Amino acid sequence: MNEDLRIIWRNFFNWVMGNGARPENEEIIPEAPPDLPFTQKQESRNSRFHELTLRERYSHWLEIHGLHLFSNVYSGMSVLICVVIVLLLLVTVAELPKFGSENNPANNEVMERYINSGGEETGAKNIVSGMILDYRAFDTFGESALLFTAAVSVLMLLAVSRRDSKNSPERLHKFSQDDSILRGVALLSIPVIVLLGCVVILNGHLKPGGGFSGGAILSAALIFAANAYGFGSVHKFFSERKFVIMISSALMIYALLNAWSFFTGANDFEAYISKGAIGNIFSAGLILPLNICLSLIVAGILYGFYALFSEEEI
Amino acid sequence: MSVNIFAYNIPFISIFLMMLAAIITPILPNRKRIPEKLSCAVVFVNVILSAYLIYVLTNSGGSLTFNFAMGNFPAPWGNELRAGPLEAILSFAFCVSMLLSLMGNSDSTAEDIPEKRRVIFCVLVNLLTASLLALTYTNDIFTAYVFIEINTIAACAIVAVKESPESIRAALRYMIMSSVGSGLLLIAICLLYDLTGHLSMQNMNLVIKNLIANREYIMPLTVALALATIGLAIKSALYPFASWLPDAHGNSTNVSSAILSGLVLKGHIFLLIKIFVRVFGLEAIHDLRMDNIIFALGIIAMIMGSVNALSQVNVKRMIAWSSVAQVGYIFLGIGLNTNAGIAAACLHIIVHATVKPMLYAAVSGLSSAAGHSKSLHALMGTFYVNRWAGLGLIAGAFSMMGIPAFAGFASKLSLMLASFDSPVMIFSLAALVTSSVLNALYYVPAVIVVLTHDKTKPKVHMNVSMIYKISMGIFIALTIYLGLFCVTLLRLLTRGVIVLG
Amino acid sequence: MFAKLVVNHYEAAAVIIFGIGLSNLLLQRNLIKKIIGLNIMNTSVYLFLAAKGYISGRAAPLLIQDAAGNWINDASVYVNPVPSGLVLTGIVVSLSVTAFALALTLRLYESYATLNIDEALLKMTREQEALEENLLQESDEDVLL
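Residues numbered from 1 in each chain as written. Chains lettered and ligands numbered in written order. Predicted model: local features only at pLDDT ≥ 70, side-chain atom pairs only at ≥ 80, totals over all residues. Heavy atoms only, no water.

Peer 1: Run through the side chain of S131(B), naming residues and quoting values.
Peer 2: All names here are of chain B. Locating S131 in the fold gives a position in helix 5 (residues 115-137). The exposure class assigned to S131 is buried, which follows from its relative accessible area of 0%. At 2.8 Å, the side chain of S131 forms a polar contact with the backbone oxygen of L128. Discounting chain neighbours no more than four positions away, the residues touching S131 are F147, I150 and N151. (Helix = DSSP H or I, 4+ residues; strand = E, 2+ residues; numbered from the N terminus. Buried < 20%, exposed > 50% of the residue type's maximum accessible area, 1.4 Å probe, protein only. Polar contact = N/O pair within 3.5 Å; in protein donor to acceptor, adjacent residues only side chain to side chain. Contact = heavy atoms within 4.5 Å.)

Written out as structure tokens, the structure is:
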């Protein structure tokens, strides 16, 4: 009995520390040919597998199955986390204030002042415009700075580096050179789109709209032009340097206007900005110039994104 | 308003100065390293401005705060900035750390980043600093969200600035993890807005105090707090959510690693502190049981970060995992849920924001002496090639281990003292001791390797640039200063935390 | 609880969509699908906010004139304008994040010819191993020479 235990222990010890006896019926899988694509590459057992220590065997196993195991555990955990978060949020939503009721905590003095005196204090007929460009202008400034950050980062990733190392694969997408239908439609519709964009921008303080939506419409016109007439024609009046200078200077004017209103407002200085009569185009103080700057920033950046993603350069 | 008009405008001036510098950099001519000089100059101006602000606020008794309305409208209606001792000290620490990381790593930056990209790198650094300052000073939770996003995109882009496939992969992973974090934070902010009707922090606090006193909406408040905490914990690399950090740090250029672990993580942690102290208030946090969770996660992070660091051969990855452990210390301090604990956590933020960039700068100096190898064994004997970097590594390692007279000792001691009157004292003491021992287990071998003469290698001579020596000297001086004279600083921080609430 | 969920059905739907987006963001292997998940998640928050701003029976927050031509600025006529502003900001945030993430994805695809992060990691380690083996072989040859 004692002897048996000792043999078992020795076998176990050898198994853990290596130099174990080779199992008799183990078949040795030949090594896979090395030129298989990497997803199909099968790891084979080393022929001296039985000589490895437990630790080596573990790391060997981990090498083969580790990523797979990790991704399985990760998926399981993610499903669990998502289900828990959704259930928690559902329970929370059930306890939230009632939908559409006027006694909700959110309908308080903040919202009342925006509506009651928003017209006089900002001069804007569109209360949301007045709110985001005057009461909470710092948020909106942060937002345009965020757009600028993204534009600069995408420019870095897609333009600046790739021009140095031209190893990017060929694009499948090619523009046909003479599509007369597209050009005809573009000739008719681009002026209309630009006009619509200008109306949306200039009426930002009166009607729904403003710098962001107007800028998006203008960039649509630019993208349309680039597609119909080729990027070369847009390049003639919109090179990369001009693109950067336009965005930077529009953002600079925007930041300086904002800084002026913040500085004078916080220190109770005279700001020399008249609010005008509600409902006129020239009213609402700084909101109209801010909207124009914003639209230039947004139009430039959105067109820049399109050009960078499809053509590798602006 | 009892501060003078110049000091009153400093938060606004420093944020807009950084922003304007970022906006004007792409237009500037890209010659003679003008963009980098501009960035350094503007950050230096900000260092002086925030030092002046600290001076003004401490001379008024250290309990003075003021609100700065961004525009014509005060808090519940308009956006506001708020400055107190805590904000002033932290923005000073962030600016100093940013300036020194830029200066100390300027050689490796010039090597790693091609000339054309350096302009954009400078724009991103300026935007990152501006967003950190805005995060520090803001008094409005939605503004904080917008600037967190600027911070995230700029930080990911800074990781990807090094032109290599690994850094792109690391940046993408970082981006995905922080998008999850932002999503959770955003829905938490929406829930809080729905419950309180405010976005300004002190108005939220008033309403939340009422709600908790009347035991209304307890469940939604808990869920909102938990989601905001998890979101910010993912972004500040608290242990179970920290898998992105070593990748992002190990594969980026040195200055990015220094900025990332010295500053970006700290900005998010400070926002979490603001949410705890200023939006909810410490009693509410205790009522909603969030302090214990944070405390436990902090302890796990302290141990697991160090354990993972033990098995790294790449020095940068080792230091990155040590950042995870240090984030654990900070969360431990927040989890104590007392003013002293949070002040100690803030002290640790400052200490770590000084020591970690120093370690990265030291490693960049040492590894360029060892032929740009990042593995620990290659660094053998490099102390004798670049003594300033070697001294920096030793000072940093001593500080991480908590040797007296170095910065880490001061913050660990204050964490210990803060935990004495807490019911979980025994756990925090045990965790602090274990984690210090674990820190020693991987920092001491690094120091020994660097100090060992390598007989096989030929003697190398290396010219260490003046700017590197200066910044390393300031780093070491700051480490020792924080280690020896932290009592005044800690007192100021405690007062700052008290007036923050 | 179910009855309350029916009252708050917009928010409940928003929350469920949020969960769908989050699980896409975490679970999808393909990066483009991950980014679509991110967008779904952000959009659900806008639905949540829009539902929170709504007050039944009230007008959009654009000042209207009464019969005599005076601007009506009574808070009980309009819905809450704050969530609309937050949604506007949120849209720009998610646009920027999406553009940046897509640019990173494009670069990853150019480097590794895959849209799967894990596969990219695997390829990278394989390449490194191959590189190290080559180096080893070269040094062996050096020794032999």
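Next, the rest of the story.
Peer 1: An account of the interface of chain B and chain A is needed here, citing residue identities and associated values.
Peer 2: On the chain A side, the residues contacting the 60 residues of chain B number 55 residues. For the pair chain B and chain A, the summed buried area comes to about 5300 Å², and 72% of that belongs to carbon and sulfur atoms. It is I23(B), F73(B) and W77(B) in chain B that bury the most area against chain A; as a group they hold 14% of the surface buried on that side. Residue D140(B) is joined to R136(A) by a salt bridge in which the shortest nitrogen-to-oxygen separation is 2.9 Å. Counting the contacts that link chain B with chain A gives 11 residue pairs in polar contact (both at pLDDT 80 or more). Contributions of two or more residues to the side of chain B that touches chain A are made by helix 1 (5-24), strand 1 (66-69), helix 5, helix 6 (141-160), helix 7 (165-196) and helix 9 (218-235) of chain B. It is helix 1 of chain B that contributes the most residues to the side of chain B that touches chain A, 11 residues altogether. Partitioned by chemical class, the residues of the side of chain B that touches chain A number 45 nonpolar, 9 polar and 6 charged. (Buried area = accessible area lost by both parts, 1.4 Å probe. Salt bridge = Lys/Arg side-chain N within 4 Å of Asp/Glu carboxyl O. Nonpolar A, V, L, I, M, F, W, Y, C, P; charged D, E, K, R; others polar.)

Peer 1: Would you mind going over the interface of chain B and chain C in detail, with residue names and values included?
Peer 2: On the chain C side, the residues contacting the 30 residues of chain B number 33 residues. With both chains or domains summed, chain B and chain C bury close to 2800 Å², and 83% of this area falls on carbon and sulfur atoms. Contact with chain C buries surface across chain B, with R169(B), L172(B) and Y193(B) losing the most and accounting together for 22% of the total. Inspection of the region where chain B meets chain C yields 1 salt bridge.

Peer 1: Go over unusual backbone geometry with me, naming the residues and quoting the values.
Peer 2: Look at R289(B): it is not a glycine, yet its phi comes out positive at around 65°. Checked against the element boundaries, R289(B) lands in the loop between helix 12 (282-287) and helix 13 (290-310). Unlike most non-glycine residues, A113(C) shows phi in positive territory, near 55°. Looking at the element boundaries, A113(C) is found in the loop between helix 4 (82-112) and helix 5 (117-144). Owing to a relative accessible area of 54%, A113(C) belongs among the exposed residues under this scheme.

Peer 1: Describe the pairing of strand 2 (residues 80-83) of chain B, listing the residues and the values that go with them.
Peer 2: All names here are of chain B. In strand 2, alternate side chains face the same way, and those of E80 and R82 on one face and L81 and A83 on the other are all buried. Pairing of strand 1 with strand 2, which is carried by 4 bridges, proceeds in the antiparallel orientation. Directly across from N67, in strand 2, lies its bridge partner R82. (Pairing = 2+ DSSP bridges.)

Peer 1: Explain a nonpolar patch on the surface to me, using residue names and the numbers behind them.
Peer 2: A contiguous nonpolar surface patch, about 910 Å² in accessible area, is contributed by Y58(A), W61(A), L62(A), L69(A), V73(A), M77(A), L80(A), I81(A), V84(A) and L88(A). By relative accessible area, which is 37% here, I81(A) ends up partly exposed. (Patch = residues over 30% accessible without salt bridge, like charges linked within 9 Å, V, L, I, M, F, W, Y side chains within 5 Å. Areas by Shrake-Rupley, 256 points an atom, 1.4 Å probe, with all protein chains shown as cover.)

Peer 1: Describe the packing of aromatic side chains, with residues and values.
Peer 2: Here the structure, examined in full by the defined rule, presents 22 aromatic pairs over all chains. Each ring, one from F263(A) and one from F12(B), has its centre 6.2 Å from the other, and the planes form 25°; the classification is stacked. Taken together, the residues span two chains, with F263(A) in helix 10 (residues 240-267) and F12(B) in helix 1. With relative accessibility at 29%, the residue F263(A) sits in the partly exposed group. By relative accessible area, F12(B) is classed as buried at 5%. Site record: aromatic cluster; members linked through ring pairs are F138(A), F141(A), Y254(A), F262(A), F263(A), Y8(B), F12(B), F16(B), F66(B), F68(B) and F147(B). Sitting over the ring of W77(B), R113(A) keeps its end group 4.5 Å from the ring centre. If you follow K52(C) out to its NZ or CZ, it ends over the ring of F48(C), 5.9 Å from the centre. (Phe/Tyr/Trp six-rings, centres within 6.5 Å; stacked < 30°, edge-to-face > 60°. Lys NZ or Arg CZ within 6 Å of the ring centre and 35° of its normal.)

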